[in-house]
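# Structure at a glance
Each chain is listed here by its residues.
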Amino acid sequence: MTSSRGALAPASPPPAIDRSLADRLAAIVGDKRVLFRPSELLTYASDALPSYHKQPGLAVFPGTRDEVVAVVRELARSNVPFVPRGAGTGLSGGALADGAVLVGLNRLTRVIAVDPENLTATVEPGVVNAALSRAVAPHGLHYAPDPSSQAACTIGGNVAENAGGPHCLKYGVTTNHILAITALLPNGEIVSLGSASGETDGYDMVGCFVGSEGCFGIALDITVRLTRNPEAVRTILADFLSLDAAARAVTSIVATGIIPAALEMIDQATIRAVEASIYAAGYPTDAAAALLIEVDGADAGLERDVATIESICNSSGARTVRVARDEAERARLWQGRKKAFGAMGRISSHLVVQDAVVPRTKLPEVLDKVRRIGEDLRLRVANVFHAGDGNLHPNIAYDANDPDESARVQTAMHAIMRACVDAGGTITGEHGIGIDKLQYMDLIFSPDSLAAMCSLRDVFDPDRRSNPGKVVPMHSCREWHGARSARQDAAKGPPVA
């Protein structure tokens, strides 16, 4: 980590956020880019997870790198905590500011440079994921991590959460595609992490920053690795009359040594929601589950992989197996998968998208437990997830304004998370910890491990002003005592809307 400026360290307890701070920030970004009134801040009181609402003290939206630096240095001088936020598509409450200053980065949308020879691009944090792939498409390249929200989520947010996506089974998640970051630390210092070549001396500081959920500072620019478009792609849809058969097919496919670019599972509840929506993809609505499988690479040999996968699906009990005939059919099949969460919006007013990982061989067992949890609590659980990674996404459509149903949803989420941990899994695959998973951290980390996380954070943010109250729930951490949301959530138990 190399530094270009000395620290501006605060020395006293955080003061209350008042109008004078808004005026000082407005002097940097302009009056229209600072929101102070409660009615203006309501939009930023939630992310894509409907279970939490935390209103920021104010919100500021810098439009240039220099403005971001000036804003953060003013917050450092004022000793005020802040929360970086991109598109607000997060699913763990990680970008909610509970009385702190929300620093919106969605105006920083420049693709600064593209280097097709070295397969890299440098972008500002507010660049939308899918927009980056469109920008480099003329060079026959794309950015591989592809969250289902890629039409809206930003690269900066992807870095904060170490986001995944359907094609991360073969290509790896965000951390595998980030080469360098220019980071603004909470004290106003600018540091360079990593290098455009991907080679660095010493510790892997990029690896530390990616997935730090905004607790280590703000990425001013990000150099990403680009991937050449494959020579050929084949997309397969296989449908099954039991969830268990589909889950066993997943294990058998991976056991052959073939690594599909994507291996997704969609259960019946999700299929029916998709097919009843504008995103209808032609999935069979009477199937218990479908697998969407994609293989890519050199054209030579790809048909052999397709034949092997077809054979495995058939021997595992698939009812039908078909290969997309052309790009239009392939796009339609993927639209159904990637818009599944949106399609579920027709079922009820709110949707919880949970995120956990289990060993692939445990998928049949855990999916059965998830089904029984839903039945016992009278909830509609739908599953659409990255089966090849064992990355589950049990989803529950419900009415957050119904206290009884909301309480049952939270009970179900606890039970599902417990089942995943008991199966040897972990509590998140790609959505981060945020506020939502704080309550589960003790299930998988010892007090010593949590203390080590606090020590690492001290390297970047010893005053704990960047995204306070997130990720580490350890009572000995100062942020626990300083974060109103953490204290309140601990006092009242599982969160409700």
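Coordinates for the structure precede this section.
I will try to describe carefully the structure that is included in this document. A quick note: this is a predicted structure, and the numbers were derived from the prediction, not measured. (Residues numbered from 1 in each chain as written. Predicted model: local features only at pLDDT ≥ 70, side-chain atom pairs only at ≥ 80, totals over all residues. Heavy atoms only, no water.)

### Thoughts on the sheet that holds strand β14 (residues 262-267)
Here seven strands make up an open sheet; going across it, the order is β16-β13-β15-β14-β19-β21-β17 and the pairing antiparallel. Bordering the open sheet on either side are β16 (318-323) and β17 (350-353), each of which pairs with just one other strand. With strand direction ignored, the average angle separating the axes of adjacent strands in the sheet is 20°. For β17 and strand β21 (residues 394-398), the ladder comprises four bridges, and the chain directions are antiparallel. Among the inter-strand pairings, Val353 is bridged to a residue of β21, identified as Asn395. (Pairing = 2+ DSSP bridges. Helix = DSSP H or I, 4+ residues; strand = E, 2+ residues; numbered from the N terminus. Axes fitted to C-alpha atoms, helices over the stretch in contact; angles between N-to-C directions.)

### Quick look at the pattern of salt bridges
All chains considered together, the criterion is met by 27 salt bridges. The partner of Arg337 in a salt bridge is Glu264, with the nearest N and O atoms 2.7 Å apart. Of the two residues, Arg337 is situated in helix α11 (residues 327-338) and Glu264 in strand β14; the sequence distance between them amounts to 73 residues. Per residue, the accessibility class of Arg337 equals that of Glu264, and both read buried. (Salt bridge = Lys/Arg side-chain N within 4 Å of Asp/Glu carboxyl O. Buried < 20%, exposed > 50% of the residue type's maximum accessible area, 1.4 Å probe, protein only.)

### Examining empty space enclosed by the protein
Scanning all chains against the criterion turns up one cavity of 30 Å³ or more. A volume near 40 Å³ is recorded for the largest cavity. What lines the largest cavity is simply Leu49, Ser51, Val352, Val353, Gln354, Gln410, Met413 and Asp436. Of all the elements in the fold, those that place two or more residues in the lining of the largest cavity are β17 and α14 (403-422). (1 Å grid on protein atoms, 1.4 Å probe; cavity = no way out; pocket = protein on both sides within 12 Å on 5 of 7 lines; lining within 4 Å. Points joined across faces, edges and corners; volume = space filled by probe spheres on them.)

### Digging into the side chain of Thr223
The topology assignment puts Thr223 in strand β11 (residues 218-225). Judged by relative accessible area, which is 8%, Thr223 ranks as buried. A polar atom in the side chain of Thr223 sits 2.9 Å from the side chain of Thr122. With near-sequence residues (within four places) excluded, Thr223 lies in contact with Thr120, Ala121, Thr122, His177, Ile178, Leu179, Ala180 and Ala196. (Polar contact = N/O pair within 3.5 Å; in protein donor to acceptor, adjacent residues only side chain to side chain. Contact = heavy atoms within 4.5 Å.)

### Looking at the nonpolar core
One broad rule of soluble globular proteins: the nonpolar side chains tend to lie buried together. Among the nonpolar cores identified, the biggest contains 89 residues, and Ile181 and Met265 are the most heavily contacted of them. The residues touching Ile181, leaving out its near neighbours within four places in the chain, are Val159, Val191, Ser192, Leu193, Val206, Phe209, Val210, Ala219, Asp221 and Ile222. (Core = buried A, V, L, I, M, F, W, Y, C linked by side-chain atoms within 4.5 Å.)

### Notes on the environment of Ile433
One can find Ile433 in the loop between α14 and α15 (441-444). Looking at Ile433, the relative accessible area reads 7%, which means it is buried. Each C-alpha atom, one on Ile433 and one on Val321, is 37 Å from the other, the two residues being 112 residues apart in sequence. Discounting residues that sit within four places of it in the chain, Ile433 has contacts with Ser92, Glu213, Ile427, Thr428, Leu438, Met441 and Val471.

### Considerations on the sheet that holds strand β4 (residues 82-85)
Strand order in the open sheet made by the four strands is β2-β3-β5-β4, with mixed pairing throughout. Every interior strand has two partners, whereas the edge strands, β2 (34-35) and β4, have only one. As paired elements, β2 and strand β3 (residues 58-60) share two bridges and run antiparallel to each other. Note that in β3 the partner of Leu35 across the bridge is Ala59. The sheet contacts of helix α1 (residues 19-29) involve β2, β3 and β5 (101-104), and relative to β3 the element is tilted by about 10°. Sitting on the sheet, helix α3 (residues 65-78) is in contact with β3, β4 and β5, with an inclination near 165° to β5.

### A look at the environment of Ala87
Inspection of the secondary structure puts Ala87 in the loop between β4 and β5. Between the alpha carbons of Ala87 and Gly157 there is a distance of 7.5 Å; along the sequence they are 70 residues apart. In contact with Ala87, other than residues within four places in its own chain, are Ala152, Cys153 and Thr154.

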